[in-house]
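Here's the letter readout for the chains.
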Number of protein chains: 2
Amino acid sequence: MDEEPPPSDPITELITTYNELNSSVISEITGNISPLEFMRYVARNRPFVFRGGASEWEATQTWNVPELKALLKGQSVNVAVTPKGNADSPTRDGDGELLFVKPCEEHQTFEEFIDFVSQQGVRVATSATSSEKEIRYAQTQNDNLRNEYATLFSHVERDIPWARIALQQVPEAINLWIGNSLSTTALHKDNYENIYVQIIGQKHFALLPPLDYACVNEQELPPASYMRDEDGILKIVKEGGEKVPFATWDPDREGNETVYSKLATPMRVTLMPGDMLYLPALWYHKVSQSCSEEGICCAVNYWFDMEFGGSLYPLCNFARSSGLAVLKT
Amino acid sequence: MDEEPPPSDPITELITTYNELNSSVISEITGNISPLEFMRYVARNRPFVFRGGASEWEATQTWNVPELKALLKGQSVNVAVTPKGNADSPTRDGDGELLFVKPCEEHQTFEEFIDFVSQQGVRVATSATSSEKEIRYAQTQNDNLRNEYATLFSHVERDIPWARIALQQVPEAINLWIGNSLSTTALHKDNYENIYVQIIGQKHFALLPPLDYACVNEQELPPASYMRDEDGILKIVKEGGEKVPFATWDPDREGNETVYSKLATPMRVTLMPGDMLYLPALWYHKVSQSCSEEGICCAVNYWFDMEFGGSLYPLCNFARSSGLAVLKT
């Protein structure tokens, strides 16, 4: 889209003022962080990366494919299966209609899952021509580390003390993520304060502040899921039910821009094993990943309920509805 | 104005969402407050009153008219003089034009000033029919407690430790206010985090969050000042120079409403001697006062620079420009 953003309308001013007052380079913390220091970032709704903040965790020190297999021996796990590593993302079906497509969820033994993921991860890293039929990702965001993967939970921190003390609450959910470089999480936002901890491999984040609503081209998408047909091939199947409001712009690809998208200055950060990311509530994030030599990427995240009191939530909501109203006209 | 606010436009939704998620009754703190607790209020941009937080200060314990006279003997002070206690406020001149009118600033000895203020304060409190020609108020907001009134400074806290530690800065300005019940400060906002401390008498605050911009009817007012004519009578004199954007709605009076004003739910709080108020950056506040038995009201406030990084400032600015744009059409 070649159209320029309107030079002096309130939305252009909002995005450019924010960009002038805030760096698009993420703050880095090393050493230690106190609850008060953390609260200063929460107050500004600004992310930071805490390098090495989890480097001493038992998970960071000991997890690898054989160790995880031993710990989870014989357990069945929920796996998101997609043809392109595109779980929960805006995808066009055969008719070219843009849908919000959820993965095919299947249960398999952890051994079968991790062997598939790691062998694929190594194959993709070492071969220029591999063509993969399906991508698997353990990504149930339902507090799985305290449930499905409970045997691993003692290897990570129960809560994040500086966040628990500052926010005066224990985590609402703690999630484990295991996949390989073929899975990407599409640009989206969550109503949570998020502490993201890299254990194995790398995660690459592209972050946008909540007030960039008008850049992300939120659309109401019909819901759908991948399902296997009789030959086991993954097909998109539309569901009934309410449409899903979802960002359709990808900051790394042409297409689906709004007139404001070019004003966005995504903040980019790569997490290495042992690094922690504070991803503030309502920030848009797109997440891709790189594998360890074993062909896997593993992370843990802690969701804390966000504060709906105060100004941030109503004001972000206002930026969203104002953006939608302007883009509709 | 009988017109109803548009039921489903983004500004109506902004104000009503905020009111649903936030009480219009102020939080009260007693006992103690830590930097971290304070920072949680800063993060939400929400006020609180700290009852008795300054009750042990030497100022609170010892200041009265004779003591202040002794401390400031022979000193000349800057006094704001107005006919109605309306320093720095939107006022109509003889032609009915609404102007931003500053007070007549005069120097007099502290003894002369405090005798005038306190005798008037007692007279007004005890007589049903007094008619006052002029109102005096010591209200220079230029760090006066560390300059003009420096001899009093050792009687108050140098900074507010829980605020200094949380905000990582010393106060930008510390101001002393001395007046009587006839002075009122018109609804306005400041780009500062403000800790307000009551020493003598009472202050009555009406507070509105920054996102209520569309309620306050900001207008561009020509600047003016009170000046004495040859008979010593205070007259409004227009100045040249840029117009001043200023709220013209008074939450306690009919007139100057916008279509959104009825959505506002002012938060009201009265400070007693020794109470402290955290007045967050950008909050609109109207301040009136009641006198002690000596006919005066005295307060001290600490201004800390606000955080322009993060989301709050750009989003509040956006609410303002959106409100102005909608009200203009």
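Only a predicted model underlies this, so the values are computations on that prediction, with no experimental measurement involved.

(A) How the structure looks around the sheet that holds strand β1 (residues 27–29) of chain B. Residue and element names in this part refer to chain B. The 6 strands lie next to each other as β1-β2-β17-β10-β19-β8, forming an open sheet whose pairing is mixed. Looking at the sheet topology across the chains shown, the edges are occupied by β1 and β8 (173–179). Put simply, the sheet's adjacent strands are angled 20° from each other on average, direction ignored. Inspection of the sheet shows strand β10 (residues 192–200) paired to strand β19 (residues 297–305) by 8 bridges, in the antiparallel sense. Within the sheet, the bridge partner assigned to isoleucine 195 lies in β19 and is tyrosine 302.

(B) How the structure looks around the UniProt feature "domain: JmjC" (unreviewed entry) in chain A. Mapped onto this numbering, the UniProt entry annotates "domain: JmjC" (unreviewed entry) at residues 149–319 of chain A. Counting secondary structure, residues 149–319 of chain A comes out at 11% helix and 42% strand; the distance between its end C-alpha atoms is 38 Å.

(C) Region of the structure containing the packing of helix α1 (residues 10–21) of chain A against helix α8 (residues 312–328) of chain B. Contact geometry of α1(A) with α8(B) gives a least axis separation of 9 Å together with a crossing angle of 160°. Accordingly, the angle class assigned to the pair α1(A) and α8(B) is roughly antiparallel. In this structure, the crossing between α1(A) and α8(B) has a hand that is right-handed. Residues A:Pro10, A:Ile11, A:Glu13, A:Leu14, A:Thr17, A:Tyr18 and A:Leu21 of α1(A) form the contact with α8(B), whose participating residues are B:Tyr313, B:Pro314, B:Leu315, B:Asn317, B:Phe318, B:Ser321 and B:Ser322. The class makeup of the residues in the contact of α1(A) with α8(B) is 9 nonpolar, 4 polar and 1 charged.

(D) Structural detail: the pattern of salt bridges. The tally for this structure, following the rule as stated, stands at 38 salt bridges over all chains. Residue A:Lys262 is joined to A:Glu4 by a salt bridge in which the shortest nitrogen-to-oxygen separation is 3.2 Å. Taken as a pair, A:Lys262 in the loop between β15 (244–247) and β16 (267–271) and A:Glu4 in the segment before α1 lie far apart in primary sequence, 258 residues in all. Judged by relative accessible area, A:Glu4 falls into the exposed class, the value being 54%. The salt bridge partner of B:Arg146 is B:Asp143, with a shortest N-O separation of 2.9 Å. Note on B:Asp143: relative accessible area 15%, which makes it buried. Via salt bridges that share partners, A:Glu106, A:Glu112, A:Glu134, A:Arg136 and A:Arg228 belong to a single interconnected network.

(E) Representation of the interface of chain B and chain A in the model. Each partner contributes to the interface: chain B provides 35 residues, whereas chain A provides 35 residues. Around 3,000 Å² of area is buried between chain B and chain A when both sides are counted, 71% of it from carbon and sulfur atoms. At the junction of chain B with chain A, the criterion picks out 2 salt bridges. Where A:Glu307 meets B:Arg44, a salt bridge forms, and the shortest distance between an N and an O atom there is 3.6 Å. On inspection of chain B and its partner chain A, the count reaches 12 residue pairs in polar contact (both at pLDDT 80 or more). Per-element tally for the side of chain B that touches chain A: the top contributor is α8(B), with 10 residues.

(F) A look at the packing of aromatic side chains. For the coordinates displayed, the defined rule picks out 35 aromatic pairs over all chains. Between B:Trp177 and B:Tyr196, the ring centres sit 6.2 Å apart and the planes meet at 35°, which makes this aromatic pair tilted. Here B:Trp177 is found in strand β8, whereas its partner B:Tyr196 is found in strand β10, with 19 residues between them in sequence. We classify B:Tyr196 as buried; its relative accessible area is 5%. Through a chain of ring-to-ring contacts, the aromatic side chains of A:Phe38, A:Tyr41, A:Phe48, A:Phe50, A:Trp162 and A:Tyr278 assemble into a single cluster. For the cation-ring pair, A:Arg136 lies above A:Phe116, with the distance from its terminal atom to the ring centre recorded as 3.8 Å.

(G) Here's a closer look at the relation of the copies chain B and chain A. Expressed as a screw transformation, the operator carrying chain B onto chain A has a rotation angle of 180° and an axial translation of 0.0 Å, and the superposed copies differ by an RMSD of 0.0 Å. Seen this way, the second copy is the image of the first under a two-fold rotation axis. Considering only C-alpha atoms, the part of chain B nearest the rotation axis is B:Ala43, at 1.9 Å.

(H) A look at the sheet that holds strand β17 (residues 276–279) of chain A. Residue and element names in this part refer to chain A. Strand order in the open sheet formed by 6 strands is β1-β2-β17-β10-β19-β8, with mixed pairing between adjacent strands. The open sheet is flanked by β1 (27–29) and β8 (173–179), the only strands paired with a single partner. When strand polarity is set aside, the average angle formed by the axes of neighbouring strands in this sheet is 20°. Sheet analysis places strand β2 (residues 48–50) next to β17, joined by 3 bridges and oriented antiparallel. Each bridged residue has a counterpart across the sheet, and for valine 49 the counterpart in β17 is leucine 277. Running over the sheet, helix α2 (residues 35–44) touches β1, β2, β10 (192–200) and β17 and is turned about 40° from β17.

(I) Local environment of the pairing of β19(B). All names here are of chain B. Counting buried positions along β19 yields 8 of 9 residues, so the element is predominantly enclosed. As paired elements, β8 and β19 share 7 bridges and run antiparallel to each other. Following the sheet pairing, leucine 176 is matched in β19 by valine 300.

(J) Focus on the packing of helix α8 (residues 312–328) of chain A against α8(B). Between α8(A) and α8(B), the least distance of the axes is 10 Å, while the angle of their chain directions is 50°. Accordingly, the angle class assigned to the pair α8(A) and α8(B) is oblique. With respect to the hand of their crossing, α8(A) and α8(B) are arranged in left-handed fashion. In this structure, α8(A) uses A:Leu312, A:Leu315, A:Cys316, A:Phe318, A:Ala319 and A:Ser322 to contact α8(B), whose residues at the interface are B:Leu312, B:Leu315, B:Cys316, B:Phe318, B:Ala319 and B:Ser322.

Reading the values: the criteria
- Residues numbered from 1 in each chain as written.
- Chains lettered and ligands numbered in written order.
- Predicted model: local features only at pLDDT ≥ 70, side-chain atom pairs only at ≥ 80, totals over all residues.
- Heavy atoms only, no water.
- Pairing = 2+ DSSP bridges.
- Helix = DSSP H or I, 4+ residues; strand = E, 2+ residues; numbered from the N terminus.
- Axes fitted to C-alpha atoms, helices over the stretch in contact; angles between N-to-C directions.
- UniProt positions renumbered as here; feature names shortened; annotations may be inferred.
- Parallel < 35°, antiparallel > 145°, perpendicular 65-115°, else oblique.
- Left-handed = near helix turned anticlockwise from the far one by under 90°.
- Contact = heavy atoms within 4.5 Å.
- Nonpolar A, V, L, I, M, F, W, Y, C, P; charged D, E, K, R; others polar.
- Salt bridge = Lys/Arg side-chain N within 4 Å of Asp/Glu carboxyl O.
- Buried < 20%, exposed > 50% of the residue type's maximum accessible area, 1.4 Å probe, protein only.
- Buried area = accessible area lost by both parts, 1.4 Å probe.
- Polar contact = N/O pair within 3.5 Å; in protein donor to acceptor, adjacent residues only side chain to side chain.
- Phe/Tyr/Trp six-rings, centres within 6.5 Å; stacked < 30°, edge-to-face > 60°.
- Lys NZ or Arg CZ within 6 Å of the ring centre and 35° of its normal.
- Least-squares fit on C-alpha atoms with pLDDT ≥ 70 in both.

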